[in-house]
Amino acid sequence: MSRPPKCRRVEFMPELTYFKPAGIPVSELEEIQLTVEELEAIRLKDLLGLEQEGCAEKMGVSRPTYHRILSNARGKVAVALVEGKAIRVEGGHFEMVVRHFKCFKCGHLWELPCGEGPRGSEISCPECRGNEVARINKEGRPYGCHWKKQGRGKGQDI
């Protein structure tokens, strides 16, 4: 008996989840299902151009597992394109990656899914509109030396 698949980390949730050949009614099409993590594998490698090791790390899987996910995804897309089938993106074993933020002016904590909202340097607090905001890790500390780079204090213990 095989073990259930491990949850894969996904940073992008597609808004468009159905793709079909032009000129053929949906009722006459066969569908191929592409899972959300398979689409993420294609996005990381083919759209963002990351190396497989980096893609695997972002998805929280081993490099061989990432390679299998990517190969399956590319195979499904190839079949759909060559044989004129529709592609439906749905399902899979995944968890959305979220970014955690803290406002050091008012103390407000919030999270945003990756890829949503403004970029880190452009974020203001949704509570007080302050710009003393940093992305934080699980321990509630700012990542790396971001806080220092922004001129928000030298080595402050936050």
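The structure we're discussing is the one just above.
Residues numbered from 1 in each chain as written. Predicted model: local features only at pLDDT ≥ 70, side-chain atom pairs only at ≥ 80, totals over all residues. Heavy atoms only, no water.

Time to look at the pattern of salt bridges. Here the idea is simple: oppositely charged side chains can pair when their charged atoms come close. For the structure on display, the rule yields 9 salt bridges. For E30, the salt bridge identified is with K85, shortest N-O distance 3.5 Å. Here the residue E30 occupies a position in the loop between β2 (18–19) and β3 (31–34), and K85 occupies one in the loop between α3 (63–83) and β4 (86–89), the gap between them amounting to 55 residues. Here the salt bridges share partners, and the residues they tie into one network are E11, E40, R43 and K58. (Salt bridge = Lys/Arg side-chain N within 4 Å of Asp/Glu carboxyl O. Helix = DSSP H or I, 4+ residues; strand = E, 2+ residues; numbered from the N terminus.)

Glycine aside, residues mostly have negative phi angles, and peptide bonds mostly take the trans form. Despite not being glycine, R129 has its phi angle at roughly 65°, a positive value. Overall, the relative accessible area of 61% leaves R129 in the exposed class. (Buried < 20%, exposed > 50% of the residue type's maximum accessible area, 1.4 Å probe, protein only.)

Within a regular strand, the side chains alternate between the two sheet faces. One ladder, built from 2 bridges, connects β2 with β4; its direction is antiparallel. Each bridged residue has a counterpart across the sheet, and for Y18 the counterpart in β4 is R88. As judged from the 4 bridges shared by β3 and β4, these two strands associate in the parallel manner. Paired with I32 across the strands is I87, a residue of β4. (Pairing = 2+ DSSP bridges.)

A few words now on the sheet that holds β2. Spatially, 3 strands are ordered β2-β4-β3 in an open sheet, and the strand pairing comes out mixed. Either end of the sheet is taken by a strand with one partner, and the two such strands are β2 and β3. Running at roughly 75° to β3, helix α1 (residues 36–47) makes contact with β3 and β4 of the sheet. Across the sheet, α3 touches β3 and β4, and the angle it forms with β3 is around 160°. (Contact = heavy atoms within 4.5 Å. Axes fitted to C-alpha atoms, helices over the stretch in contact; angles between N-to-C directions.)

Side chains that are three or four residues apart share a direction in an α-helix, a result of its 3.6 residues per turn. Buried residues of α1: V36, E37, E38, E40, A41, I42, R43 and L44, and no others. Looking at the packing, one finds that the buried side of α1 touches β1 (8–10), β3, α2 (52–59), α3, β4 and β5 (94–96). In the segment just after α1, G49 is the residue with positive phi, at about 75°.

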